[in-house]
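If you want the building blocks of each chain, they are given just below.
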Amino acid sequence: MSILVGKETRLVVQGITGRDGGFHARQMIAYGTKVVAGVTPGKGGAKTEDGVPVFDSVADAVAATGADTSVIYVPASFAADAVCEAADAGIGLVVCISEGIPVRDMVRALPFLRERGTRLIGPNSPGVISPGLAKVGIMPGEIHRQGRVGVISRSGTLTYEIVHHLSQSGFGQSTCIGIGGDPIVGTNLLDAMSLFAADEGTDAVVLIGEIGGNDEELAARMIRDGYPKRVAAFIAGRTAPPGKRMGHAGAIIAGGAGTAEGKIAAFKEVGVEVADTPAQIVDIVRRVTG
Amino acid sequence: MSILVGKETRLVVQGITGRDGGFHARQMIAYGTKVVAGVTPGKGGAKTEDGVPVFDSVADAVAATGADTSVIYVPASFAADAVCEAADAGIGLVVCISEGIPVRDMVRALPFLRERGTRLIGPNSPGVISPGLAKVGIMPGEIHRQGRVGVISRSGTLTYEIVHHLSQSGFGQSTCIGIGGDPIVGTNLLDAMSLFAADEGTDAVVLIGEIGGNDEELAARMIRDGYPKRVAAFIAGRTAPPGKRMGHAGAIIAGGAGTAEGKIAAFKEVGVEVADTPAQIVDIVRRVTG
Amino acid sequence: MKIHESDARAIFTRFGLPVPPSRLVADPRAAEAAAEELGCPVVVKAQVLVGGRGKAGGVKLASSPREAGEKAGTILGMEIKGLAVEKVLVARAVDIVKEFYAAMVFDRVTRRPMMMVSPSGGVDIEEVARTAPERILKLPLNPEGGLMPFQTRRLTSFLTGDRAVAKQIGAVLQALYDAFMGVDASLAEINPLVLSQDGTVWAIDAKINIDDNGLFRHPEIEALRDTADEDPGETAAREAGLSFVKLDGSIGCVVNGAGLAMATMDMIKHYGAEPANFLDIGGSSSPDKVLAAMRIILRDPSVKAILINIFGGITRCDDVAMGLIEAKKRLGLDVPLVVRLTGTNAREAGELLAGTDLIGAETMDEAVKGAIAAARG
Amino acid sequence: MKIHESDARAIFTRFGLPVPPSRLVADPRAAEAAAEELGCPVVVKAQVLVGGRGKAGGVKLASSPREAGEKAGTILGMEIKGLAVEKVLVARAVDIVKEFYAAMVFDRVTRRPMMMVSPSGGVDIEEVARTAPERILKLPLNPEGGLMPFQTRRLTSFLTGDRAVAKQIGAVLQALYDAFMGVDASLAEINPLVLSQDGTVWAIDAKINIDDNGLFRHPEIEALRDTADEDPGETAAREAGLSFVKLDGSIGCVVNGAGLAMATMDMIKHYGAEPANFLDIGGSSSPDKVLAAMRIILRDPSVKAILINIFGGITRCDDVAMGLIEAKKRLGLDVPLVVRLTGTNAREAGELLAGTDLIGAETMDEAVKGAIAAARG
């Protein structure tokens, strides 16, 4: 079982003729994802080396191929428009890999998406993978293993690190969602938790949080009020100094809020164990699913 | 049975201290509608002569009284803002009586309402009445009679005329909806038909259309594709010359489209009888419900 | 409200649309001077608020200032669909390679601003819609923020495969959107939008209708109103806050509500007579409005009887009755008046009218038949 | 990006906010002249990119030009939180009756622009949030079109019962919204917004932070960047497209991804050492970025070992390996380098690094422990 993406996913890759888009389209195909179309304005009619047809617009791609999911690898200044284009063409799930999108652009795009009932993952997301079924993003597929642990993360590579440990210890994943490291994302920690709550194929959820914002604190409240899955957590940024942006636009301790200590305390208060190192997550998952 | 408004409706009157708002608040109370609050910015804390508490904002009114429906009697230049204020305060149904609202204002307000899940009736609407249960608007209550005919109209007084005939002939109404005479309205003819389609208390629906737009043609298509209620229709404007706005901003024959002939033909084609005079509606309703 | 092409061009220019320079003139000599100043060839265009100017001979090309003066002389003498041409626009001509169509309206179905474009410009767009609907792209837009880049690409690629031209058209479409929203238009149309020999894009015609309800925000546009081609009764009605359309029959109508007013007209016709007008006194009525309505209807010598049909809601019948009594007193009514008042405060109105010589009627059918009978004497 | 108060005031003025006139000066004589020109009393304010200026004595009132010069002299000699004051702003003083707070941010929870206002202005707003949260109104707004009238009423009536003042504040709030959205700000704050003795409203302080991702649209704002108070390594990193924060430890870190970089720092601390920096080489990597990262870290003499922790996704391990080889060649590395490369193209990377003297590690734990051991020699 899985959520968001699976065997039935029909993927269109926006920015498929770019360096990253092209490389990862091939990787996704190799993983078994049904990549049915690519989009690059002005290059409609071409085919990629892998035989994927390229269209001028998402609307054309949807009409010709029945694509229902989109993944976006276009430069930051065009990315919000690409997201809106996908939504307007009737795409139900858009996964935005592009990073560095101005917050203003994203905030303006979100009502457009809400109106059209389109779910956005990201931006600045590593993507979504349902191991063994479909990979939509940039994560290395081979570290994943099919199973019953759901993973939600604000980070990219840190997720790979933790997933790697999980897989090596025999804990496969139902779906791993990189919600993105920006302050404003289409699907936040709570939204992603709600998705797993309703998934019968998920026994436990691993939350990989970091400094900044109060998503983790709100997640703790959601758990306190009755969350149907067992939870294990990791919070990055214990050593981060206040007032400095730690890479992610969303990772900043401001005005004493958003500290790792606060988030860890919030989780512990509701009985969620928080790992000190990525490797420790495995022990916690073993305990909560044992 | 009824739709939209009923015994449980808790109404807030926006613009209650104005001439029209005050007059009709009293009329609605006399009809038995639960008018729980009024709103006029700057006059919060007062009470009307009928003892209705006045608030500075809809949010305050909702917090204090649990109002769930709003009716708007404010000048045209403030009306779109009043509609948005109601939606933002969590009001689920807004009935806008005000006329003369710029189309641009309305078109900008609608996405705001959609996002908040608020239904708008109007603008430039006489309101909604569920006879014997609640009256939310400006229609004279005494001409209505409780029963099983649904009425949908783009007009105000023409509706009274037709309802008057129905009531006098023993055909009571479940609910009468004045959708408003503007080109852009919150709930159009088709939306209103869908509401009645699901209402067990409605046997037949009377559609009171007029020149302009193609709502009636789309309604005919909806009926052709299988509409669960019997329908009778009247179309005003057979004698209207092209290119002239007939009072209602939405009533104009432009470029050969929107004529009464076209609409009447569309209805007849799908087997809906169209009355030549308001009084004839009664005969048609008698036939279709007989 | 319709405005003249010359005014629409000025609005387009203000919003950055590429409009060829032009001068508005009222006599042939001024046209010649304008052509001299602008450089020839020029186009001389009749300024009238009706369509079909071109077919009627109201648009002519002139290759010299002298010719421009001559053409202006011809056009200024014309009548187009009953309207005398009082001014012409002299505009620098463009060497046309290709003609497109672009317009903004509000779409009633999606309830959004909608852009319409076609590669078949320069002709009647309704004709294109009938014969080749696939040549028109209609795109509903967001009411805020304008065209998104993907929408611009979709529109421009429907019109041309040339990137340089597409880029210019994209800028034109955004400016058209801005102008449409910026002046509370109900229609903003460029027909044709042209590509010239030198590869530049021009809006060589401009049409804008303004949403009457939005005019209060644009007093400078309200000031452009040209009442020359309007029935004087319509002008007077607008100034009194009434909605009025002059028709050719003999039964004057005073009704509250546009739908009931149309139904009243329809019923007059149904019973074999012709209405003299559409007149809606609107919602929240006052005695003064009724007085103004009576005054406007009485201007029309072909009115043989007046029918008052009021179904009170927000309109109160007593207000109407007071207006009628005032009208009788002040206007010296010499045509029969058939009055039907029902709904809000009808009883109070009945009391006010008791003892007057107005002909009362209970139902709309009765009132209409009564008015027809009274008109026939 | 943070900008100076003087630049924020200029932006506010451009968007129509009422900002008292001021001059930016670098010496006491110029301050005296500015006070003369503006008219006294004036306020002399240190221009440094940190908060708490007032408490540190960096803001002083002067009632004469001479006093303004003296106060400027004092402030220009100061250091505030380690930053030397190089310029002061001389602004015309306002006779304050009441102080408000107003700010715009993006709200992470509602994912909308949000306005925050408080009648308790002029003090630390975080203190107000802690002690009297009911004194702050937070209102999420639409990302298009700005404040709606009902929202303006709600905000202004929270601040004042005086209609004339509310009207002025309403205009200020709309302008604040426009400025915030217009320059791609992540914060726009007026603290305090004041009501003066004569009944007018003034923004007497201005703070704007810009969203780094939006800077490409505002080159004129990028040009305002003041790197004086920034670690030179941070400046160099930004110019190389890297994300870098200088810390006080001895283990230099080169990591891909912000989360993994923070987790790496946390683990260094967990195993008893201190990280020398946060450094994220970002997603789509290139050998050049790795080279630049190594160069920046090697500037710091307290770095005793460098830890490379890469989990390849969009970053390819072979790119990183090439960068490391290049760095060894060009930079003459004299600190030990512990390298952990896994994920995309890790095998290719391993082949490239085979035969170098870099210390390899399989896992992150192993790499961190190895780097700590290497640093301790």
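Residues numbered from 1 in each chain as written. Chains lettered and ligands numbered in written order. Predicted model: local features only at pLDDT ≥ 70, side-chain atom pairs only at ≥ 80, totals over all residues. Heavy atoms only, no water.

### Quick look at the domain arrangement of chain A
Residues and elements named next belong to chain A. Each assigned domain of chain A is listed here: domain 1 (10-121) and domain 2 (139-289). Computed from C-alpha coordinates alone, the two centres of domain 1 and domain 2 are separated by 26 Å. Of the residues lining the interface, nine residues belong to domain 1; the matching set on domain 2 comes to twelve residues. Together, the buried faces of domain 1 and domain 2 total about 810 Å²; carbon and sulfur atoms form 63% of this surface. If you sort the residues of domain 1 by the area they bury against domain 2, Y31, R119 and I121 come out on top, with a joint share of 49%. Between domain 1 and domain 2 we count zero salt bridges in total. Seen at the junction of domain 1 and domain 2, the total is two residue pairs in polar contact (both at pLDDT 80 or more). (Domains from an automatic or database assignment. Contact = heavy atoms within 4.5 Å. Buried area = accessible area lost by both parts, 1.4 Å probe. Salt bridge = Lys/Arg side-chain N within 4 Å of Asp/Glu carboxyl O. Polar contact = N/O pair within 3.5 Å; in protein donor to acceptor, adjacent residues only side chain to side chain.)

### Observations concerning the sheet that holds strand 13 (residues 273-275) of chain B
As summarised here, the arrangement of the seven strands in space is 8-7-10-9-11-12-13 (chain B), forming an open sheet in which the pairing is mixed. Both outer strands of the open sheet, strand 8 (134-137) and strand 13 of chain B, are each paired with one neighbouring strand and no more. Strand-to-strand twist in this sheet, taken as the mean axis angle between neighbours without regard to direction, amounts to 20 degrees. Along the sheet face, helix 1 (residues 19-31) of chain B touches strand 7 (127-130) and strand 8 of chain B and points at about 165 degrees away from the line of strand 8 of chain B. Of the strands in this sheet, strand 11 (204-210) and strand 12 (230-236) of chain B are in contact with helix 9 (residues 258-270) of chain C, which crosses strand 12 of chain B at around 80 degrees. (Pairing = 2+ DSSP bridges. Helix = DSSP H or I, 4+ residues; strand = E, 2+ residues; numbered from the N terminus. Axes fitted to C-alpha atoms, helices over the stretch in contact; angles between N-to-C directions.)

### Concerning the interface of chain C and chain B
Listed as interface residues are 51 residues of chain C and, on the opposing side, 64 residues of chain B. Summing both sides of the interface, chain C and chain B together bury roughly 4600 Å²; the carbon and sulfur share of this comes to 56%. By the criterion of area lost to chain B, the three top residues of chain C are C:R108, C:R111 and C:F311, representing 19% of everything that side buries. Joining chain C to chain B, the criterion identifies eight salt bridges. Viewed at the interface, chain B and chain C are joined by 16 residue pairs in polar contact (both at pLDDT 80 or more). Top element by residues in the side of chain C that touches chain B is helix 9 of chain C. It accounts for ten residues. Of the residues belonging to the side of chain C that touches chain B, the class tally is 18 nonpolar, 15 polar and 18 charged. (Nonpolar A, V, L, I, M, F, W, Y, C, P; charged D, E, K, R; others polar.)

### Focus on the sheet that holds strand 9 (residues 146-153) of chain A
Spatially, the seven strands line up as an open sheet ordered 8-7-10-9-11-12-13 (chain A), and their pairing is mixed. Strand pairing shows two members of the sheet lacking a second neighbour, strand 8 (134-137) and strand 13 (273-275) of chain A, which therefore form its edges. Strand-to-strand twist across the sheet, computed as the mean angle between neighbouring axes with direction ignored, equals 20 degrees. Where strand 9 of chain A and strand 11 (residues 204-210) of chain A come together, five bridges link them in parallel fashion. If you follow A:I152 over to strand 11 of chain A, its bridge partner there is A:L207. Contacts from helix 9 (residues 258-270) of chain D reach strand 11 and strand 12 (230-236) of chain A within the one sheet, and its direction differs from that of strand 12 of chain A by about 80 degrees.

### Focus on the state of the cysteines
The tally for this structure, following the rule as stated, stands at zero disulfides over all chains. Note on B:C84: no disulfide assigned, nearest cysteine sulfur contributed by B:C96 at a separation of 10 Å. The class for B:C84 is buried, based on a relative accessible area of 3%. The structure places no disulfide on C:C253, whose sulfur is separated from the nearest cysteine sulfur, that of C:C317, by 17 Å. With a relative accessible area of 1%, C:C253 lands in the buried category. (Disulfide = S-S within 2.5 Å. Buried < 20%, exposed > 50% of the residue type's maximum accessible area, 1.4 Å probe, protein only.)

### Let's talk about the packing of aromatic side chains
With the rule as written, the count across this model stands at six aromatic pairs over all chains. On the basis of an interplanar angle of 80 degrees and a centroid distance of 6.4 Å, the ring pair of A:F112 and C:F150 is categorised as edge-to-face. On the criterion of chain membership, the pair formed by A:F112 in helix 4 (residues 103-116) and C:F150 in helix 5 (residues 149-159) is interchain, its members lying in two chains. Comparing A:F112 with C:F150, the two get one shared label, buried. (Phe/Tyr/Trp six-rings, centres within 6.5 Å; stacked < 30°, edge-to-face > 60°.)

### Focus: the pairing of strand 9 (residues 137-140) of chain C
Residues and elements named next belong to chain C. Residue alternation in strand 9 divides its side chains into a buried set, L137 and L139, and an unburied set, K138 and P140. Note: strand 8 (residues 112-118) against strand 9, four bridges, orientation antiparallel. Its bridge partner lying in strand 9, M114 is registered against P140.

### A look at the confidence of the model for chain C
Any segment with low pLDDT has predicted coordinates that should not be analysed in fine detail. All names here are of chain C. Scored by pLDDT, chain C has a mean of 93; 99% of the residues are at 70 or more. When pLDDT is averaged over each element of chain C, strand 11 (residues 201-203) comes out on top at 98 and strand 5 (residues 83-84) at the bottom at 86. With a pTM of 0.91, the predicted complex shows an ipTM of 0.90. (pLDDT = per-residue confidence, 0-100.)

### Side note on the packing of helix 5 (residues 157-168) of chain B against helix 9 (residues 280-289) of chain B
All names here are of chain B. At a closest axis distance of 9 Å, the pairing of helix 5 and helix 9 adopts a crossing angle of 50 degrees. Taken together, helix 5 and helix 9 sit at an angle that is classed as oblique. For the pair helix 5 and helix 9, the crossing hand works out as right-handed. Side by side, helix 5 and helix 9 meet where I162, H165 and L166 of the first sit next to I281, V282 and V285 of the second. In terms of residue class, the contact of helix 5 with helix 9 is built from five nonpolar, one polar and no charged. (Parallel < 35°, antiparallel > 145°, perpendicular 65-115°, else oblique. Left-handed = near helix turned anticlockwise from the far one by under 90°.)

### Here we look at a positive patch on the surface
Residues and elements named next belong to chain C. On the surface, K2, K55, K81 and K207 cluster together into a positively charged patch. Relative to the helices and strands, K55 resides in the loop between strand 2 (42-46) and strand 3 (59-62). Take K55: its relative accessible area is 82%, and that puts it in the exposed class. (Patch = residues over 30% accessible without salt bridge, like charges linked within 9 Å, V, L, I, M, F, W, Y side chains within 5 Å. Areas by Shrake-Rupley, 256 points an atom, 1.4 Å probe, with all protein chains shown as cover. Lys, Arg positive; Asp, Glu negative; His and termini not counted. Charge placed at Lys NZ, Arg CZ, Asp CG, Glu CD.)

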